[in-house]
Amino acid sequence: MWTVLLGGNLNLSITMTFVSTLAALATIPLWLFTLGKTILEGTNIVIPYSNILISLASLTIPIGLGLLIQRYFPKVASRSKKILAPICIIMIIGIIILASVANSYMFYMLTWQMVIAASLSVWTGFIAGALASMVFRFPTSDMVAVAVETGIQNSGIAFVLLSYTLKPPVSEMASVVPVAASIITPIPLFVIYCYQRFRNCCFKTDKLELQAINAKKSVDTSSVKGFDNLAQQSDINY
């Protein structure tokens, strides 16, 4: 959704999401049974394979439907593109509100260290993705997609993993960080989106003013040429 709002490459974003989710089937167990084994020592580690597969299905099925619509109903697809950005905004606002209300009790367990850790985990991902894209000289749309996909975390998998692995209330306490990360994630993206909208409005105003000036100049030039032609015609007649 953020890739669409920020003008990124949607195809690249979807591809990165699919590949990262598919890779999670192997990378999550790898982490849990190496570094995670030390952190979660003495617990029964449960890997949420079903949730990962559901994430893959929730990604691939809508993509398949979208391709079919674009193939057989191109008019519907073109109209849908026009309302895509407003729908994304509504969904983002709804997700933030619902997540905040559903997990409101976790705000009481938040500390400034958790907020900083969650912020760094997400925001450094944005920066790393953007810098890597700049190094490889990706176009702006690709850079936006890479930065967004690198920074945004799948907090749902982390939440389910902690819920099944740890016992209450430890699981709820451990889930504070991924929940905080999911709430903090939109902040820099929203700031960038507002900046883009403001810049586009200013640029549009400047462009309209420039067009008006050019139109006025063309009218003045035409008038001068008209007077010159009349003067030349008068001289000839004289």
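Scroll up for the structure.
Rules of the game
- Residues numbered from 1 in each chain as written.
- Predicted model: local features only at pLDDT ≥ 70, side-chain atom pairs only at ≥ 80, totals over all residues.
- Heavy atoms only, no water.
- Phe/Tyr/Trp six-rings, centres within 6.5 Å; stacked < 30°, edge-to-face > 60°.
- Buried < 20%, exposed > 50% of the residue type's maximum accessible area, 1.4 Å probe, protein only.
- Lys NZ or Arg CZ within 6 Å of the ring centre and 35° of its normal.
- Core = buried A, V, L, I, M, F, W, Y, C linked by side-chain atoms within 4.5 Å.
- Helix = DSSP H or I, 4+ residues; strand = E, 2+ residues; numbered from the N terminus.
- Contact = heavy atoms within 4.5 Å.
- Axes fitted to C-alpha atoms, helices over the stretch in contact; angles between N-to-C directions.
- Parallel < 35°, antiparallel > 145°, perpendicular 65-115°, else oblique.
- Left-handed = near helix turned anticlockwise from the far one by under 90°.
- Nonpolar A, V, L, I, M, F, W, Y, C, P; charged D, E, K, R; others polar.
- Polar contact = N/O pair within 3.5 Å; in protein donor to acceptor, adjacent residues only side chain to side chain.

(A) Main features of the packing of aromatic side chains. For the structure on display, the rule yields one aromatic pair. On the basis of an interplanar angle of 35 degrees and a centroid distance of 6.2 Å, the ring pair of phenylalanine 136 and phenylalanine 138 is categorised as tilted. Here phenylalanine 138 falls in the partly exposed class, since its relative accessible area comes to 38%. In this arrangement the basic side chain of arginine 71 is found over the ring face of tyrosine 72, its NZ or CZ atom lying 5.2 Å from the centre.

(B) Representation of the nonpolar core in the model. Grouped together as the largest cluster of nonpolar side chains are 15 residues, with contacts concentrated most on Trp2, Leu5, Leu6, Ala118, Val148, Leu189 and Tyr193. Counting residues per element, the ones that place at least two in this core are helix H1 (2-5), helix H6 (84-102), helix H7 (112-135), helix H8 (140-151), helix H11 (176-184) and helix H12 (186-237). Ignoring any residue separated from it by four or fewer positions in sequence, one finds leucine 6 in contact with Val144, Val148, Leu189, Ile192, Tyr193 and Gln196. Within the second largest apolar cluster, seven residues are counted, among which are Ala24, Leu32, Ile52 and Ile157.

(C) Highlighting the packing of helix H2 (residues 10-32) against helix H4 (residues 49-72). For the pair H2 and H4, interaxial distance at closest approach is 10 Å and the crossing angle is 165 degrees. Between H2 and H4, the crossing angle belongs to the class labelled roughly antiparallel. Read as a crossing pair, H2 and H4 show a hand that is left-handed. Residue-level inspection shows Ile14, Thr17, Phe18, Thr21, Leu22, Ala24, Leu25, Ile28 and Pro29 of H2 in contact with H4, the latter providing Tyr49, Ile52, Leu53, Ser55, Leu56, Leu59, Thr60 and Ile63. Within the contact of H2 with H4, the residues separate by chemical class into 13 nonpolar, four polar and no charged.

(D) A look at the side chain of serine 119. Along the chain, the position of serine 119 falls in helix H7. Residue classification places serine 119 among the buried positions, given a relative accessible area of 9%. At a separation of 2.7 Å, a polar atom in the side chain of serine 119 contacts the main-chain carbonyl oxygen of valine 115. In this structure, serine 119 is in contact with Thr124 and Ile184, ignoring residues within four places of it in sequence.

(E) Here's a closer look at the packing of H4 against helix H5 (residues 74-82). Closest axis-to-axis distance for the H4/H5 pair is 5 Å, and the angle between their directions is 120 degrees. The angle between H4 and H5 places the two elements in the oblique class. Seen from H4, the contacting residues are Ile69, Gln70, Arg71 and Tyr72; seen from H5, they are Pro74, Val76, Ala77 and Lys81. The class makeup of the residues in the contact of H4 with H5 is five nonpolar, one polar and two charged.

Taken by themselves, the reported measurements are silent on function.
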